[in-house]
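Here are the chains, one letter per residue:
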Amino acid sequence: MSETMIQMAQRAKKCAEEIKKHREIQLVSHIDADGITSGAIIAKALERAGIEYEMLFVKQLDENIVSELADKNPELTIFTDLGSGQIEHISNYGLHAIISDHHRPQGDTDLHLNPHLFGANGSFEISGSGTTFILAGQLGNNSDLADLAIVGCVGDMQYRKYGKLVSLNREILEANPTIIEAKKDISLYGKQTRPVFKMLQFSSDPYLPGLSGSEDACIDFLHRIGLRSGNDEKWRRWIDLDEGEKVRVTSSLLQYSVQNGLSSYNVNRLVGECYLLLQEEEGTEMRDASEYSTLLNATGRYMQAEVGMAVCMGDREEAYDSASRLLNEHRKNLVDGLNFVKDNGVTQLSHLQFFDAGSSIPETIVGIVAGMSHASNNRHLPIVAFANKEDGHKVSARGTQELVNRGLNLSEAIGQVCQEIGGAGGGHDIAAGATVPFGKKQEFIEKLNSVIASQIAARA
Ligand code: C5P
Ligand code: C5P
Ligand code: ZN
């Protein structure tokens, strides 16, 4: 075990000791895949320890929500996948709380489990589900929940920096080989659940020029490389192909993509490490960490995180059926969102590019759309997106590893601008978000542009 893991387990032990003093606990988690898996991990661990809980999912933690929580006067609150940026509010409102999070902390307390406090970076070394898995490990024997821990960090795209999970995430993975398996494979969405031609046809991240969106072109592509397209053949999924066939499709696709102008960044992304959940049935979304996390995002990002959590807790009937329906909608919304950006374009400033989705893209998925469209557009500048939200303008920002290496820190930049003009935000160096007051969009973007300029200049 690494020194960091040992230190985090020690801190988790303190948190667990406090948890065990209580009979009923308020749980608060984030609505994305990492937040939902975090919620499910702590809920399972409490259930097994005979402790009751009430679960609440929120889009973000702000002063209003902290104050509403305080009004309920819970004995103890456990925040998962959020809270580290709001320690001041939590203590001002007198909440007795445990925080298991990986966002950049603003402040510290004894009952705070966050990788940044132990010298690790929460944008790629461990996510909220991982910290919560460490916490669960101190509440009882919960190592079977390692699969949910991996689904969470995959949902947060923590494999992106090195093309695979590293550091604390890797430790969790390798300590649980009967539960989760890492395998190098094609990284398109739908290997478990879609016929191969549909997997190609619906590929939006990356977008495959000439194939994405065209059923005929995809069937033709497979036919040309010798995958017959008879009736039965047509419905074979990626997992139904034998190893030789997989190699043939992968190398032809790589060659095709290079020839058809896919950027080298995206060509490199076509093959990567994938994570299989060995306790799950083959041919379902839950078998593959990436598909699973998308299924969960399809619930939480539409205010139905409870449905995703029920799937994580083992409901493969009613909750899974609802989640599957939501998944179809979600996939469609992502494609519509990507088309919106393509049709409307982005505006470039000296140190960032941005687009304003208004009400055309739900604010809960505008960050995903920004990240996906960034993959196929100008990667020399960070991308910032605006979308309408009931209490202000939602901002989502995404950078690249190269920009972070050159000094970019989106979480700090957004924090600084919010301090100047109002609003609240946070996140990571490579991805961050905020809500800014109505009427302040222009001011926000100009200020953010100059803060980023100075971050890069300071490092140069
Ligand atoms: O709330 P949170 O921490 O869960 O979200 C992390 C966000 O950071 C995700 O939207 C993920 O896509 C983004 N990310 C990224 N590039 C990375 C790592 C994370 O865009 N290398
Ligand atoms: O919402 P979005 O996907 O753009 O979020 C990117 C990152 O910024 C996530 O880690 C999210 O938790 C964080 N964020 C935040 N405060 C907000 C909005 C987003 O800390 N108001
Ligand atoms: Zn997270």
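Rules used in this analysis
- Residues numbered from 1 in each chain as written.
- Chains lettered and ligands numbered in written order.
- Predicted model: local features only at pLDDT ≥ 70, side-chain atom pairs only at ≥ 80, totals over all residues.
- Heavy atoms only, no water.
- Donors = N, O, S within 2.8 Å, 3.2 Å for Na, K, Ca; no water.
- Buried < 20%, exposed > 50% of the residue type's maximum accessible area, 1.4 Å probe, protein only.
- UniProt positions renumbered as here; feature names shortened; annotations may be inferred.
- Helix = DSSP H or I, 4+ residues; strand = E, 2+ residues; numbered from the N terminus.
- Salt bridge = Lys/Arg side-chain N within 4 Å of Asp/Glu carboxyl O.
- Axes fitted to C-alpha atoms, helices over the stretch in contact; angles between N-to-C directions.
- Contact = heavy atoms within 4.5 Å.
- Nonpolar A, V, L, I, M, F, W, Y, C, P; charged D, E, K, R; others polar.

A word on the coordination of the zinc ion (ligand 3). Note on the zinc ion (ligand 3): its protein donors are Asp34 (OD), Asp81 (OD), His102 (NE2) and Asp156 (OD). The metal-donor distances range over 2.1 to 2.2 Å. Note on Asp34: relative accessible area 0%, which makes it buried. Taking relative accessible area as the criterion, Asp156 reaches 23% and is therefore assigned partly exposed.

To continue, consider the UniProt feature "domain: DDH" (unreviewed entry) in the protein. Taken from the UniProt record, the annotation "domain: DDH" (unreviewed entry) applies to residues 25-152. This span, residues 25-152, is 38% helix and 18% strand, and a straight line between its end C-alpha atoms measures 22 Å.

All right, on to the pattern of salt bridges then. Per the counting criterion, the structure on display carries 25 salt bridges. Note that Lys59 is salt-bridged to Glu363, the shortest N-O span being 2.5 Å. Residue Lys59 is located in the loop between β2 (52-58) and α3 (63-72), and its partner Glu363 is located in the loop between β9 (353-356) and α16 (366-375); the two are separated by 304 residues in the primary sequence. Where Glu390 meets Lys59, a salt bridge forms, and the shortest distance between an N and an O atom there is 3.8 Å. Taken as a pair, Glu390 in the loop between β10 (383-389) and β11 (392-398) and Lys59 in the loop between β2 and α3 lie far apart in primary sequence, 331 residues in all. Taken together, the shared-partner salt bridges in this structure form one network comprising Lys59, Glu363 and Glu390.

With that settled, consider the packing of helix α13 (residues 289-300) against helix α14 (residues 305-312). Running from amino to carboxyl end, α13 crosses α14 at an angle of 145°, the nearest separation of the two axes being 6 Å. In this structure, α13 uses Tyr292, Leu295, Leu296, Thr299 and Gly300 to contact α14, whose residues at the interface are Ala305, Val307, Gly308, Val311 and Cys312. In terms of residue class, the contact of α13 with α14 is built from 7 nonpolar, 3 polar and no charged.

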